[in-house]
Amino acid sequence: MFSDLPIPVIVAPMAGGPSTPELVAAAANAGAFGFLAGGMLTPEKLVDQIGRTRRLTDGPFGVNLFVPRERVARDMSDYRDRMRSEGQRYGAEPGCAVWDDDNYPAKLDAVVASRIPVVSFTFQMPSATDIARVKKAGSSVVITVATPEEGCQAAALGADAICVQGCDAGGHRGTFTDTGADAAGGELYGVLAALRSLHAELDIPVIAAGGVVNGADVAAVLAAGAVAAQMGSAFLRATESGTSPVYRDALARAGRGTRFTRAFTGRPARGLVNRFISEHSAHAPVAYPQLHHMTKPIRAAATEAGDPEAMSLWAGRTYQLAEEKPAAEIIESLAKQARDALDVARDRL
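An account of the accompanying structure is given in this report. (Residues numbered from 1 in each chain as written. Predicted model: local features only at pLDDT ≥ 70, side-chain atom pairs only at ≥ 80, totals over all residues. Heavy atoms only, no water.)

Focus on the packing of helix α8 (residues 215-223) against helix α12 (residues 327-348)
The test is simple: In this description, a line fitted to the C-alpha atoms serves as the axis of each element, helices being fitted only across the stretch in contact, and the angle between N-to-C directions of two axes falls anywhere from 0 to 180 degrees. Helix and strand labels come from DSSP, where a helix needs a run of H or I of at least four residues and a strand needs a run of E of at least two; each type is numbered from the N terminus. Should an angle fall under 35 degrees it is called roughly parallel, over 145 degrees roughly antiparallel, and 65 to 115 degrees roughly perpendicular, with every other angle called oblique. Helix crossings fall into two classes, left-handed where the near helix is turned counterclockwise from the far one by less than a right angle and right-handed where it is turned clockwise. Whether two residues are in contact is decided by their heavy atoms, any of which lying within 4.5 Å being enough. The nonpolar class holds Ala, Val, Leu, Ile, Met, Phe, Trp, Tyr, Cys and Pro. Asp, Glu, Lys and Arg form the charged class, and all remaining residues, Gly among them, are polar.
Between α8 and α12, whose axes approach to 7 Å, the crossing angle comes to 60 degrees. Classified by the interaxial angle, the pair formed by α8 and α12 is oblique. Crossing of α8 over α12 shows right-handed handedness. Contact residues: Gly215, Ala216, Val218 and Ala219 in α8; Leu334, Gln337, Ala338, Ala341 and Leu342 in α12. Classifying every residue of the contact of α8 with α12 by side-chain character gives 7 nonpolar, 2 polar and no charged.

Considering the environment of Arg262
Here is the rule: Between N or O atoms, a polar contact is any pair within 3.5 Å; within protein, one atom must be a potential hydrogen donor and the other a potential acceptor, and residues adjacent in sequence are included only when both atoms are from side chains.
Mapped onto the elements of the fold, Arg262 is located in the loop between β10 (258-261) and β11 (269-272). In contact with Arg262, not counting residues within four places along its chain, are Asp178, Gly180, Ala181, Asp182, Ala183, Gly185, Arg267, Pro268, Ala284, Pro285, Val286 and Leu291. One polar contact links Arg262 to Asp178, side chain to side chain, over a distance of 2.8 Å. There is a polar contact of 2.6 Å between the side chain of Arg262 and the backbone oxygen of Asp182.

Things to note about the nonpolar core
Generally speaking, soluble globular proteins have nonpolar side chains that are buried together. For clarity, the threshold we go by: To form a nonpolar core, buried Ala, Val, Leu, Ile, Met, Phe, Trp, Tyr and Cys residues must be joined to one another through side-chain atoms within 4.5 Å. When a residue's accessible area, from a 1.4 Å probe over protein chains only, is under 20% of the maximum for its type it is buried; when over 50% it is exposed; and in between it is partly exposed.
Ranked by internal contacts, the top residues of the largest apolar core, which has 90 residues, are Leu65, Phe121 and Phe235. With 6 residues, α12 is the single largest residue contributor to this core. If we ignore the near neighbours within four places in the chain, the residues touching Phe121 are Asn64, Leu65, Val67, Tyr104, Leu108, Pro126, Val134, Val141, Val142, Ile143 and Thr144. Counting 13 residues, the second-largest nonpolar core is a separate cluster that includes Phe2, Leu5, Ala161 and Ile207.

Brief notes about the sheet that holds strand β7 (residues 171-172)
The condition is simple: At least two DSSP bridges between two strands are needed for those strands to be called paired.
The strand order β7-β11-β10 describes an open sheet built from 3 strands, whose pairing is antiparallel. Across the chains shown, the open sheet's two edge strands, defined by having one partner strand only, are β7 and β10. Sheet topology note: the β10/β11 ladder contains 4 bridges and is antiparallel. Paired with Phe260 across the bridge in β11 is Arg270.

Notes on the environment of Ile162
As for its position among the elements, Ile162 is in strand β6 (residues 161-165). Its relative accessible area of 0% is what places Ile162 among the buried residues. On a C-alpha basis, the gap between Ile162 and Glu150 in space is 9.6 Å, while along the polypeptide they are 12 residues apart.

Concerning the environment of Gly266
Mapped onto the elements of the fold, Gly266 is located in the loop between β10 and β11. Taking the C-alpha atoms as reference points, Gly266 and Val286, 20 residues apart in sequence, are found 4.9 Å from one another. Residues in contact with Gly266, not counting those within four places in the same chain, are Asp178, Pro285, Val286, Ala287, Tyr288 and Leu291.

Section: the packing of aromatic side chains
Worth spelling out the cut-off: Here the aromatic set is Phe, Tyr and Trp, taking the six-membered ring for Trp, and pairing holds for ring centres within 6.5 Å; pairs whose planes are under 30 degrees apart are stacked, those over 60 apart are edge-to-face, and all others are tilted. A ring has a charge above it when a Lys NZ or an Arg CZ is no more than 6 Å from the ring centre and no more than 35 degrees off the ring normal.
Enumeration over the complete set of coordinates arrives at 6 aromatic pairs. Between Phe123 and Tyr288, the aromatic rings sit 5.4 Å apart at their centres with planes inclined by 80 degrees, giving edge-to-face as the arrangement. Placement of Phe123 in the loop between β4 (118-122) and α5 (128-136) and of Tyr288 in the loop between α10 (275-280) and α11 (290-304) is noted, with a sequence separation of 165 residues between them. One aromatic cluster in this structure is built from Phe2, Phe33 and Phe35. Sitting above the plane of the Phe123 ring, Arg267 keeps its charged end 3.9 Å from the centroid. If you follow Arg270 out to its NZ or CZ, it ends over the ring of Phe260, 4.3 Å from the centre.

This is the structure we're talking about:
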């Protein structure tokens, strides 16, 4: 599946705008691999993006889906009051804090009908029935995990490959559970520690993600046994990405730290520290996707106003190393850097 890639780099699915058909196609055309982000899209929009990607490349690509959690009742009245005050800064009202399944069944139908080469699942494990449907359509199944224990569960369910997400990754954590005990929602593993632990337990391909931005990082995870390196932050400033100008500018300035927060969506995610994160993180309940819907109008208004202080600026811990250039050039640089790093290591040994 991924072992035949000319360049063992995967452009991660980045929901909410950064992932585009142009970015995914550019990765495929450069000898790497890319995922469309099906999360937060309507089924119709996802089908449109699949069609556009196929018109731009003959290479294989994947689609990522958010697997919904069970509905859980939460009292969010206090947080809604906070969001009303927050929204007044931008002339926006909070959205309705509703639970939904992200149109998961319809989007699963769409990827099965489209016979996508690879379908990846995030946030929860899909059912055995869903996995069987995807495989019957000729697609490979990847399940995103954040701990070795989750990786073993995914393998037992029938995943063809596992994407292990280290704690330095930007955006939402792929963990199946959120204890609510701390900002990260559970135990943290660096990508190398998780990768080596999984290799001690399993005999299926493992993709490494989280804090992988430079080609030397790619070399490190390959040397540790990964079949490929999955990278998101490295491509946020790619020419073909859908990252907004305000978001790009915040990344380019590279002056902010990152931290985990539930403040925007109710689920742990790593982003650039801004006023919103600083003021609201301690008060945000475990409530995804309810908080996502509640804060969405405020985030949109902040983006329209050009104010990064109330935007969800997802980024990994080493985002400062990312460059603004076409995706093909980024991939070419990563490959060269990885080869150079391996040469240096070989000489040292």
